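# Architecture at a glance
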Amino acid sequence: MSETPKPTWRGLPRETIVWHPTVIAESCNGCGLCVTTCGKNVFSFDYEANKPVVAAPQACMVGCTTCAVLCPQDALEFPSVGYVRQIIRKNKLVTQAKNMLRADVEKYDIKQRKPVAA
């Protein structure tokens, strides 16, 4: 029986990156917008407490703050942008991205991009 591979972000073990929302319960009105909007299924909902719960924190895409941007109560917080930028600098991820662009022109070139279905 093979082990399930551990998730990574840009080649780094995802478990080493602390990036996920924190629910500020006192501010949350239980609208559920964060739960029903998150495409990574980070949240579940506690129907008794009428509050979202961060059930899968490592599923959160590093750098994503969509749920916090959409929250009408400002009831979600994330680590600072500086934290992520430090990871980017320390691990030379800008160089990695540039190398990826050069290595796969067909994938990223605007002139070769196929239309995306709406």
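The following refers to the structure shown.

The rules behind each value
Residues numbered from 1 in each chain as written. Predicted model: local features only at pLDDT ≥ 70, side-chain atom pairs only at ≥ 80, totals over all residues. Heavy atoms only, no water. Pairing = 2+ DSSP bridges. Helix = DSSP H or I, 4+ residues; strand = E, 2+ residues; numbered from the N terminus. Core = buried A, V, L, I, M, F, W, Y, C linked by side-chain atoms within 4.5 Å. Buried < 20%, exposed > 50% of the residue type's maximum accessible area, 1.4 Å probe, protein only. Contact = heavy atoms within 4.5 Å. Phe/Tyr/Trp six-rings, centres within 6.5 Å; stacked < 30°, edge-to-face > 60°. 1 Å grid on protein atoms, 1.4 Å probe; cavity = no way out; pocket = protein on both sides within 12 Å on 5 of 7 lines; lining within 4 Å. Points joined across faces, edges and corners; volume = space filled by probe spheres on them. Nonpolar A, V, L, I, M, F, W, Y, C, P; charged D, E, K, R; others polar. Patch = residues over 30% accessible without salt bridge, like charges linked within 9 Å, V, L, I, M, F, W, Y side chains within 5 Å. Areas by Shrake-Rupley, 256 points an atom, 1.4 Å probe, with all protein chains shown as cover. Salt bridge = Lys/Arg side-chain N within 4 Å of Asp/Glu carboxyl O.

Before going further, it helps to spend a moment on the pairing of strand β5 (residues 51–54). With four bridges connecting them, strand β4 (residues 43–46) and β5 associate as antiparallel partners. Paired with Phe43 across the strands is Val54, a residue of β5.

Take the nonpolar core next. Taken as a class, soluble globular proteins show a tendency for nonpolar side chains to be buried jointly. Counting residues in hydrophobic clusters, the biggest one holds 20 residues, and the most contacted among them are Ile17, Trp19, Phe43 and Leu76. Mapped by element, the contributors of at least two residues to this core are α1 (33–37), α2 (66–70) and α3 (81–90). The residues touching Ile17, leaving out its near neighbours within four places in the chain, are Trp9, Leu12, Val62, Tyr83 and Ile87.

This part takes up the packing of aromatic side chains. Applying the stated rule across the entire model yields two aromatic pairs. Taking the centre distance of 5.1 Å and the plane angle of 70° together, the rings of Phe45 and Tyr47 count as edge-to-face.

The subject of this paragraph is empty space enclosed by the protein. Enumeration according to the criterion identifies one cavity of 30 Å³ or more in this entry. Considered as a void within the structure, the largest cavity measures approximately 90 Å³ in volume. In terms of lining residues, the largest cavity is bounded by 13 residues, among which Cys28, Cys31, Cys34, Pro52 and Cys71 are the most central. For the lining of the largest cavity, the class distribution of residues is 10 nonpolar, three polar and no charged.

Turning to a nonpolar patch on the surface, a few remarks are in order. A surface patch of nonpolar side chains, amounting to about 260 Å² of accessible area, comprises Leu33, Val69 and Leu70. With respect to the element layout, Val69 can be found in helix α2.

Computed from the structure, the largest pocket encloses a volume of approximately 150 Å³. Every residue lining the largest pocket is listed: Leu12, Pro13, Thr16, Ile17, Tyr83, Gln86, Ile87, Lys90 and Asn91. Contributions of two or more residues to the lining of the largest pocket are made by β2 (12–13) and α3. For the lining of the largest pocket, the element with the highest residue contribution is α3, accounting for four residues. Split by residue class, the lining of the largest pocket holds five nonpolar, three polar and one charged.

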